[in-house]
Amino acid sequence: MNNIEITKDFKLSIFKVILAIAFFFISYLVLIAVSIGLLIACGFAAFYLVTAKVNLYTLGAAAGLVTLGIMFFIFLIKFIFSKHTDSNPYRIQIYQQDHPELFKMIKEVSDAVGTQYPKKVYLRHDVNASVFYNSSFWSLFFPVKKNLDLGLGLINSVNQSELKAILAHEFGHFSQKSMALGSYVYTVNNVIHNLVYNHDRWDRMLEQWANAGGIFGIFALITSKLVQLVRFVLRKSHNVILLPYMSLSREMEFHADEIAASVAGKDNMISGLRRIEFCNMAFINTINNLRHIASKNLLSENIYLNHQHEIQTLGEHYNLQFENGLPIISNNDLEAHTVKQRVNFKDQWATHPPREDREQRISSIDESNIDMNNNSCWSLLNNAQKCQKELTINLYAVDYPDNDEFKSIDNQHYIDYTNSQQSQYSIDDYFNEFYNNRLLATVDLETIRQSSFEGNLTEELTQLYSKKSKLLFDKFQHDSNDLAVLNQIANKEIDTKYFEFDNVRYHRRDTNKAIQQLEREIKTLKEELKTLEGKAISINATVAAHISAEAREQLISKYEIIFQTQNLAEKHQEFTDMINGFQYAIYNTQSWEDDQFKQFLHDLSKFEQTYRTNITDLHLDKLKSISEKHLETLDNFINNGTSFTKLSSFDIKSFNEFVGLIFANHDLIYENFAIQLKEVTDQQIANYKQLEVLAVN
């Protein structure tokens with residue numbers, strides 16, 4: 001491997017991180033000095049109390065003072081004895097004697113990169129690869145051996161040359177002396193996180209101390225307040241480190257890409273990045289389908305065959321060419337299917353640069369290219385099918401521990417099931433995706449009932465369902481997404497001072513100018529789309545009227561039902577958004593203050609009561625596709641007093657069940673909408689055929 005030159009941006013990021021870490025340690029050393037001073041002061045105060053007068057009160061106060069000093073000091077040094085263990089239940093360790101070809105490649109890559117061979121190698125289920133290690137405070141001074149995580153979803157997604165490039169990228173993070181800071185920062189970050197956010201045995205001891213009551217227990221409350229203050233200060237110090245660390249992380253990704261390109265070839269690295277991104281979308285589709293299948297008490301015997309089917313299906317959807325079962329993703333393919341965002345900003349908190357930026361940097365490397373080995377990565381594993389089934393079984397054991405009554409299905413049954421589900425909702429290709437992935441614009445159906453469309457139906461239908469109409473709906477969706485981003489920037493939910501809108505640079509304080517412009521455009525576009533939607537229903541009602549007045553009324557009535565379901569969806573969406581907020585708070589708040597958590601439980605309990613009242617009025621039990629199991633759960637929640645939240649305590653299992661119920665109701669509403677839309681568009685196709693308005697197959 002050629003020596004990779006460190007860029008100026010990389011050096012600057014390293015310098016900023018070193019300064020930030022130095023700032024933290026200075027803050028920390030000041031706190032240590034304060035804690036030692038407090039410990040000494042508490043000791044003298046306790047000695048003075050006991051020598052001045054001995055009774056239960058002075059003994060309790062003296063014991064409280066000494067314990068306060070000791071506990072506060074222990075709090076500041078406890079991280080020295082803690083260890084961060086990177087555990088993952090989806091992992092299964094593999095050994096060289098079982099898979100010599102894979103380990104041979106790993107050895108070749110680690111030697112080429114110039115880094116240590118992994119201590120252990122694990123397989124996991126997803127489309128990913130990573131190097132990880134367990135760390136503690138002592139990792140700052142003593143080297144730690146790394147382990148390799150290799151996803152079978154990744155094995156399913158790339159060829160051998162691309163896998164070699166990806167492994168070289170992962171090992172590249174630890175190959176050169178300049179990269180050693182990455183490991184150092186990783187360890188320091190874990191130490192800070194432990195000190196600021198982890199609530200452990202020390203916190204439980206403090207709680208027991210407070211429960212002792214009396215004068216002795218009062219000092220536990222004082223200690224608690226002191227620690228809250230310290231955690232607040234350290235949290236602010238931590239934030240000072242995080243931002244430059246994120247910048248360094250992105251530079252480290254660029255650097256590791258360059259190392260990978262020098263070892264395995266830049267074209268192999270670029271094609272690997274593209275395939276990972278694409279095949280991960282297919283993997284997400286696979287997992288979503290498997291969850292739906294699991295709701296029917298069915299499980300797949302091999303999810304990687306299912307994944308291969310989804311890769312093929314997604315590739316056909318985007319008209320991609322295939323080679324050895326893997327999609328070929330050209331620059332033209334990316335250009336044709338990449339959405340051009342009007343709002344762009346540099347995400348300061350991202351750990352990885354965008355793929356486009358990584359490709360641009362890799363392409364600029366002055367390295368001779370290396371031939372591509374298109375052989376399947378499955379040949380690197382002995383008895384690949386056995387590995388696939390073992391990881392599948394492990395995935396179900398983790399995600400569905402009570403799966404004893406599930407029935408196993410093979411890949412053909414998976415394909416048949418997903419195809420049947422697809423056909424249940426898929427809209428005829430004639431409509432050119434006019435109705436896909438959106439709710440309909442609500443129009444006045446009474447006006448349509450009382451009028452008839454004038455014009456050449458064949459010409460109007462051809463124009464109506466052209467690609468041009470679909471592009472209008474796409475533009476509305478993309479502009480709406482961009483508007484949401486602008487509002488997040490304005491509300492400081494996205495942390496950036498500058499952004500670009502239509503290639504013009506703005507400061508955050510000028511966001512309202514861009515918002516107002518986009519709102520005007522969206523308002524105009526919305527009116528245009530509403531007119532187009534009304535025209536579509538009017539034309540189709542006129543076609544139906546040529547068959548009979550009954551056919552016309554039947555079609556309009558179906559649209560009425562669709563609009564009712566859409567109204568239901570909009571009402572329920574408010575609750576879905578709110579539960580998303582509660583879920584985000586649970587999984588992203590790293591440290592709760594007592595009063596803050598009590599308020600959270602109060603708000604959650606109140607939300608559950610509100611949801612129960614409103615869900616009764618929505619009459620979800622009347623929706624035709626509701627299952628008996630769902631109906632029973634809904635009835636227990638509405639009528640039988642099932643409660644998922646309590647003011648006195650929080651149970652994550654009950655909370656997840658509540659979230660699951662709301663999401664299930666959300667899915668039920670949209671499933672009914674999809675079925676109703678399928679019915680009305682099928683009737684429109686049947687009407688065209690009957691009148692021979694168009695040559696519809």
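Residues numbered from 1 in each chain as written. Predicted model: local features only at pLDDT ≥ 70, side-chain atom pairs only at ≥ 80, totals over all residues. Heavy atoms only, no water.

Asker: I would appreciate a short explanation of the packing of helix 9 (residues 266-294) against helix 14 (residues 411-425) in the present structure.
Answerer: A pair of packed helices is characterised by two quantities: the angle between their axes and the separation of those axes. Put simply, helix 9 and helix 14 touch, their axes get as near as 11 Å, and they point 90 degrees apart. When the interaxial angle is binned, helix 9 and helix 14 end up roughly perpendicular. Where helix 9 abuts helix 14, its residues T286, N289, L290, H292 and I293 lie against Y414, Y417, T418 and Q421. Within the contact of helix 9 with helix 14, the residues separate by chemical class into four nonpolar, five polar and no charged. (Axes fitted to C-alpha atoms, helices over the stretch in contact; angles between N-to-C directions. Helix = DSSP H or I, 4+ residues; strand = E, 2+ residues; numbered from the N terminus. Parallel < 35°, antiparallel > 145°, perpendicular 65-115°, else oblique. Contact = heavy atoms within 4.5 Å. Nonpolar A, V, L, I, M, F, W, Y, C, P; charged D, E, K, R; others polar.)

Asker: Is there a simple way to explain the pairing of strand 3 (residues 121-124) in this structure?
Answerer: Of the two faces of strand 3, both are covered, the one formed by V121 and L123 as well as the one formed by Y122 and R124. Sheet topology places strand 3 next to strand 6 (residues 147-151); four bridges connect them, and they run parallel. Bridge pairing in strand 6 places R124 opposite G151. (Buried < 20%, exposed > 50% of the residue type's maximum accessible area, 1.4 Å probe, protein only. Pairing = 2+ DSSP bridges.)

Asker: What is the right way to look at the side chain of S271 in this model?
Answerer: Along the chain, the position of S271 falls in helix 9. Once residues lying within four places of it in the same chain are set aside, the contact partners of S271 are E162 and M372.

Asker: Any chance you could explain a nonpolar patch on the surface here in plain terms?
Answerer: A cluster of nonpolar side chains, namely L12, F15 and L19, defines an oily patch on the protein surface of about 300 Å² accessible area. If you trace the backbone, L12 turns up in helix 1 (residues 8-52). (Patch = residues over 30% accessible without salt bridge, like charges linked within 9 Å, V, L, I, M, F, W, Y side chains within 5 Å. Areas by Shrake-Rupley, 256 points an atom, 1.4 Å probe, with all protein chains shown as cover. Salt bridge = Lys/Arg side-chain N within 4 Å of Asp/Glu carboxyl O.)

Asker: I would appreciate a short explanation of the pattern of salt bridges in the present structure.
Answerer: Two side chains carrying opposite charge are able to pair once their charged atoms lie near each other. Applying the stated criterion across every chain yields a total of 27 salt bridges. In this structure, R124 and D126 form a salt bridge, with 2.9 Å as the shortest nitrogen-oxygen distance. Among the charged side chains, a salt-bridge network with shared partners connects R274, E277, R355, E356 and E359.

Asker: What's the story with the sheet that holds strand 3 in this structure? I'm lost.
Answerer: Sheet strands pair via backbone hydrogen bonds, and the direction of the pair is either parallel or antiparallel. A sheet is described by the order of its strands in space; here four strands give the open sequence 2-3-6-4, paired in mixed fashion. Of all strands in the sheet, those bounded by a partner on one side alone are strand 2 (92-94) and strand 4 (129-132). With direction set aside, neighbouring strand axes in the sheet form an average angle of 30 degrees. With three bridges connecting them, strand 2 and strand 3 associate as antiparallel partners. Bridge pairing in strand 3 places I94 opposite V121.

Asker: Looking at this structure, how should I read the sheet that holds strand 13 (residues 504-507)?
Answerer: With antiparallel pairing, three strands are arranged side by side in an open sheet as 10-12-13. Single-partner strands in this sheet number two, and they are strand 10 (343-344) and strand 13. Note: strand 10 against strand 12 (residues 498-501), two bridges, orientation antiparallel. Within the sheet, the bridge partner assigned to V343 lies in strand 12 and is F501.

Asker: Where do I start with unusual backbone geometry in this structure?
Answerer: Backbone phi values are negative for most residues with the exception of glycine, while trans is the configuration of most peptide bonds. Positive phi is not limited to glycine here, since N324 has a value of about 55 degrees. For N324, a relative accessible area of 58% corresponds to the exposed category. The phi dihedral of N437 is positive, around 55 degrees, even though this residue is not glycine. Mapped onto the elements, N437 comes out in the loop between helix 14 and helix 15 (445-449).

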